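The chain contents come next:
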Amino acid sequence: QVQLQESGPGLVKPSQTLSLTCTVSGGSITTMEYHWSWVRQAPGKGLEWIGYISSSGSTYYSPSLKTRTSISRDTSTNTLTLQVTSVTPEDTAVYYCTRDRNNVLGPEFWGQGTQVTVSS
């Protein structure tokens, strides 16, 4: 019954910071069996994994995005956050948060996704 809902600005200017929130309901983000990922899909391209945060708060990022990406959480509100700095139009994509079961490849549950466009 877990539900994930992405939210945040749909338009970001180049060089600025993209900030998104994932609100999780029906389950705790500290449950040790799961970790939580951000994934994106640019127009005409496949899914790209951005990174994840574990039930204890440890993070790991895609090497191609590590220098610009930060994933964090707020356990008091059961929410996840994604920040991508110094954005360019290549960061335009639909962004998803997901729940992944530890040691299983691929997400179990997805949010509906939110469109982010980087444009001046």
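Shown above is the structure to which this text applies.
Residues numbered from 1 in each chain as written. Predicted model: local features only at pLDDT ≥ 70, side-chain atom pairs only at ≥ 80, totals over all residues. Heavy atoms only, no water.

What follows concerns the pairing of strand S8 (residues 79–84). Across six bridges, the pairing between strand S3 (residues 18–25) and S8 is antiparallel. Paired with Thr21 across the strands is Thr81, a residue of S8. The pairing of strand S7 (residues 69–74) with S8 spans six bridges and is antiparallel. Paired with Ser72 across the bridge in S8 is Thr81. What sits between the antiparallel neighbours S7 and S8 is a turn of four residues, in which Asn78 has the positive phi angle 55°. (Pairing = 2+ DSSP bridges. Helix = DSSP H or I, 4+ residues; strand = E, 2+ residues; numbered from the N terminus.)

Enumeration over the complete set of coordinates arrives at four aromatic pairs. On the numbers, 6.1 Å between centres and 25° between planes, the contact of Trp49 with Tyr60 is stacked. You can see Trp49 sitting in strand S5 (residues 47–54) and its partner Tyr60 sitting in strand S6 (residues 59–61), a full eleven residues away along the chain. The class for Tyr60 is partly exposed, based on a relative accessible area of 46%. One Lys or Arg, Arg99, reaches over the ring of Tyr34 and ends 3.8 Å from the middle of that ring. (Phe/Tyr/Trp six-rings, centres within 6.5 Å; stacked < 30°, edge-to-face > 60°. Buried < 20%, exposed > 50% of the residue type's maximum accessible area, 1.4 Å probe, protein only. Lys NZ or Arg CZ within 6 Å of the ring centre and 35° of its normal.)

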